[in-house]
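Reading the structure
Okay, here's what each chain looks like letter by letter:
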Amino acid sequence: KILVASVSVFAHAFCHWGLITFIPMLGAKMGMSEFLIGITLTANALVIAVSLPIVGSLSDKVGRFKPIAAGLLLSVMTFALMPLAPYYWVLPVLNAVLGLCAVLVFPISQAATMESMPPKDRGTATGVWGMVMSLGGTLGMFLMSLVLAFYSIDVVFYVCAAFSLLAAAIVIAMRGYFS
């Protein structure tokens, strides 16, 4: 369960942490004003804040696997659609969806990690979970910046979609560990 939680949090941090860097670039390419780009970034944070207690409670009822898998799979579609957003208002909506995806992955993967450890080791497990998340986010921003150096901003989001799909496939293949 810890390995699956680590794969999911690493992968989602790999893609999600770069949003604050890459959404302004995508928005500028689309001709969005700074205000609309700010609204787009705010949509993500707002959905995260509002949905955390709801999704946490949901995962207590349905288990950890389904929300994590749903968050990763929904991320695939959302990352792939972002460069295709035909109107300014679509980008904040898509980024709000990515906020929900983050809530489906981050805290639930942490809960899966915590419940797999004896109480005396949960502090260490939290530290390792945070390290894996931080490494995913740091490596993701670095590699996506490298992608951007050679390709367009659109490709950054397509790579995030592909990486999320790979992580979702791994998590689904390992779903037995959630039993």
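These notes cover the structure that comes with them.

Cut-offs and rules
Residues numbered from 1 in each chain as written. Predicted model: local features only at pLDDT ≥ 70, side-chain atom pairs only at ≥ 80, totals over all residues. Heavy atoms only, no water. Helix = DSSP H or I, 4+ residues; strand = E, 2+ residues; numbered from the N terminus. Buried < 20%, exposed > 50% of the residue type's maximum accessible area, 1.4 Å probe, protein only. Contact = heavy atoms within 4.5 Å. Areas by Shrake-Rupley, 256 points an atom, 1.4 Å probe, with all protein chains shown as cover. Expected span 1.5 Å × (residues − 1). Arc of directions from axis to C-beta. Axes fitted to C-alpha atoms, helices over the stretch in contact; angles between N-to-C directions. Parallel < 35°, antiparallel > 145°, perpendicular 65-115°, else oblique. Nonpolar A, V, L, I, M, F, W, Y, C, P; charged D, E, K, R; others polar.

The secondary structure content of the chain amounts to 7 helices and 0 strands. With respect to the three principal axes, the spread of C-alpha positions in the chain is 50 × 35 × 25 Å. Expressed as a percentage of the 179 residues in the chain, the buried residues total 45%. The contacts in the chain between residues at least 6 apart in sequence include a share of 82% that link residues at least 24 apart. In the form shown here, the chain has an accessible surface area of approximately 8,500 Å², with 76% of it arising from carbon and sulfur atoms.

Bringing the side chain of S164 into the picture now. Positionally, S164 belongs in helix α7 (residues 153-173). Beyond its immediate stretch of four places on either side in the chain, S164 contacts C15, L72, S75, V76 and F79.

In this section: α7. Spanning 21 residues, α7 covers 31 Å between terminal C-alpha atoms, matching the ideal 30 Å at 1.5 Å per step. Along α7, the residues classified as buried are I153, D154, V156, F157, C160, A161, S164, A167, A168 and V171. The arc that holds the buried residues of α7, viewed along the axis, is 155°, so those residues lie on one side.

Moving on to helix α2 (residues 19-30). Taking 1.5 Å per residue as the helical rise, α2 with its 12 residues ought to reach 16 Å, and the 16 Å between its terminal C-alpha atoms agrees with that figure. When α2 is considered as a whole, its buried residues turn out to be L19, F22, I23, L26 and G27. Down the axis of α2, the sector holding all buried residues measures 140°, keeping them to one side. The exposed residues of α2 that point more than 90 degrees off its buried face are I20 and A28. Looking at the residues trailing α2, positive phi occurs at G31, about 90°.

What follows is about the packing of α2 against helix α6 (residues 122-150). As a packed pair, α2 and α6 sit with axes 10 Å apart at the nearest point and diverge in direction by 25°. Our classification of the angle between α2 and α6 gives roughly parallel. Residue-level contacts link T21, F22 and M25 of α2 to M141, M144, S145 and L148 of α6. Considered class by class, the residues forming the contact of α2 with α6 number 5 nonpolar, 2 polar and no charged.

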